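Observations on the three-dimensional arrangement
Chain residues, written in single-letter form:
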Amino acid sequence: MATVSETASDGIQLIDRLIDALGNRIGIDNASGITLPAGVVQYLAEHPRDTDQWQLLQSLLPHATHLRITPEPFPSPESTTKNGQQASTVDLRIFTHLNVLWLDRVPIDWLVHCEAVCRTLQVLRVTQSCIFDLSASPLFSTTTDYKRNDELDPLATTDQSLYTALTHVRLSHCCLGEESGLRGKRRRQGERIVSAPFTRLSQSLQSLCLSHNEICTERTALAGLQSLLHLTKLDLSHNQLTKLPRAHVKLQRSLRILILSHDNIDSVEGLYRLATL
């Protein structure tokens, strides 16, 4: 995986380095990976599109199928707030053929235009990113509007998948807990209903890792997982779970691996009935 840092503060030098990094990968393999600071992605989104340099880079960016985004700053006036803090936006429209996305210590709220990768994204990895409300995040927006006199069940949600090709999701060291929106939210009549984020993941999802978080209850740990018909691996290790009495009801029979190490499990009720493990 090629790495491009912000050592070259000049934008022209940056684009030159990106062209070299991506150009050297073409012909070696079909999938090319690159690591970029979030500020660099913002710069690319704001860069003028009428230069020869940009047109060449634009022809190479679709070959970047694997992307790791880091929080290191890129010195540009657009990416710095008045108090000097980094305030980047990561526009995914730049990467039209993205298969693997890794947010490494990057807030998921920095992402914009996630719909640009909804048909190509296969692997999503978010590590060391404090997530306060997953159901409201750009990656897992699952809102349904309804009216007071709507004939439909106001708590019903659509079956439309957010990411049709997604097979693996990892959300580790993200401080996910009981108030992090894993169960979705029910609001007053006439307002929006926010369903559990995982209910609209692709039914082709095979692996889900929620390790190293602060999940305490079964209701939160298994929220929305019943809709994942092809889930084979679930990692809930390094949380604060004590029991999963309805695991045999909430989890599909496709499940083959359930990891609960370094939890506080004191009862096997519900677990022993998972015959496919």
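Everything below is about the structure printed above this text.
Attention in this report is confined to the structure presented alongside it. (Residues numbered from 1 in each chain as written. Predicted model: local features only at pLDDT ≥ 70, side-chain atom pairs only at ≥ 80, totals over all residues. Heavy atoms only, no water.)

Counting 70 residues, the largest nonpolar core has Leu44, Leu139, Leu171, Phe198 and Leu234 as its most contacted members. Elements with a contribution of two residues or more to this core: helix 1 (11-25), strand 2 (32-37), helix 2 (38-46), helix 3 (52-60), strand 3 (64-70), strand 5 (100-104), strand 7 (123-127) and strand 9 (168-172). With near-sequence residues (within four places) excluded, Phe198 lies in contact with Leu134, Phe140, Leu171, Leu182, Leu208, Leu210, Ala223, Gly224, Leu225, Ser227 and Leu228. (Core = buried A, V, L, I, M, F, W, Y, C linked by side-chain atoms within 4.5 Å. Buried < 20%, exposed > 50% of the residue type's maximum accessible area, 1.4 Å probe, protein only. Helix = DSSP H or I, 4+ residues; strand = E, 2+ residues; numbered from the N terminus. Contact = heavy atoms within 4.5 Å.)

Counting buried positions over the nine residues of helix 2 gives seven, a clear majority of the element. Taken as a whole, helix 2 has its buried residues at Ala38, Gly39, Val40, Val41, Gln42, Tyr43 and Leu44.

For the structure on display, the rule yields five salt bridges. As a salt-bridge pair, Glu72 and Arg105 come within 3.7 Å of each other at their nearest N and O atoms. Note that Glu72 is positioned in the loop between strand 3 and strand 4 (90-91) and Arg105 in the loop between strand 5 and strand 6 (111-112), a separation of 33 residues in sequence. Across the pair Arg105 and Asp104 runs a salt bridge whose closest N-O atoms are separated by 3.1 Å. With a relative accessible area of 33%, Arg105 lands in the partly exposed category. The exposure class assigned to Asp104 is buried, which follows from its relative accessible area of 6%. Among the charged side chains, a network of salt bridges with common partners joins Arg68, Glu72, Asp104 and Arg105. (Salt bridge = Lys/Arg side-chain N within 4 Å of Asp/Glu carboxyl O.)

Looking now at the side chain of Ser129. Looking at the element boundaries, Ser129 is found in the loop between strand 7 and strand 8 (143-144). The contacts of Ser129, once residues within four sequence positions are left out, are Val106, Pro107, Ile108, His173 and Cys174.

For Pro197, the location among the structural elements is in the loop between strand 10 (193-194) and strand 11 (207-209). On a C-alpha basis, the gap between Pro197 and Gly181 in space is 7.7 Å, while along the polypeptide they are 16 residues apart.

This next bit is on the environment of Gln252. You can see Gln252 is positioned in the loop between helix 5 (247-250) and strand 13 (257-259). Separated by 24 residues in the primary sequence, Gln252 and Thr276 have C-alpha atoms spaced 9.4 Å apart. Once residues within four sequence positions are removed from consideration, Gln252 is found in contact with Leu225, Gln226, Leu228 and Leu229. Of the polar contacts made by the side chain of Gln252, one reaches the backbone oxygen of Gln226; its length is 2.4 Å. (Polar contact = N/O pair within 3.5 Å; in protein donor to acceptor, adjacent residues only side chain to side chain.)

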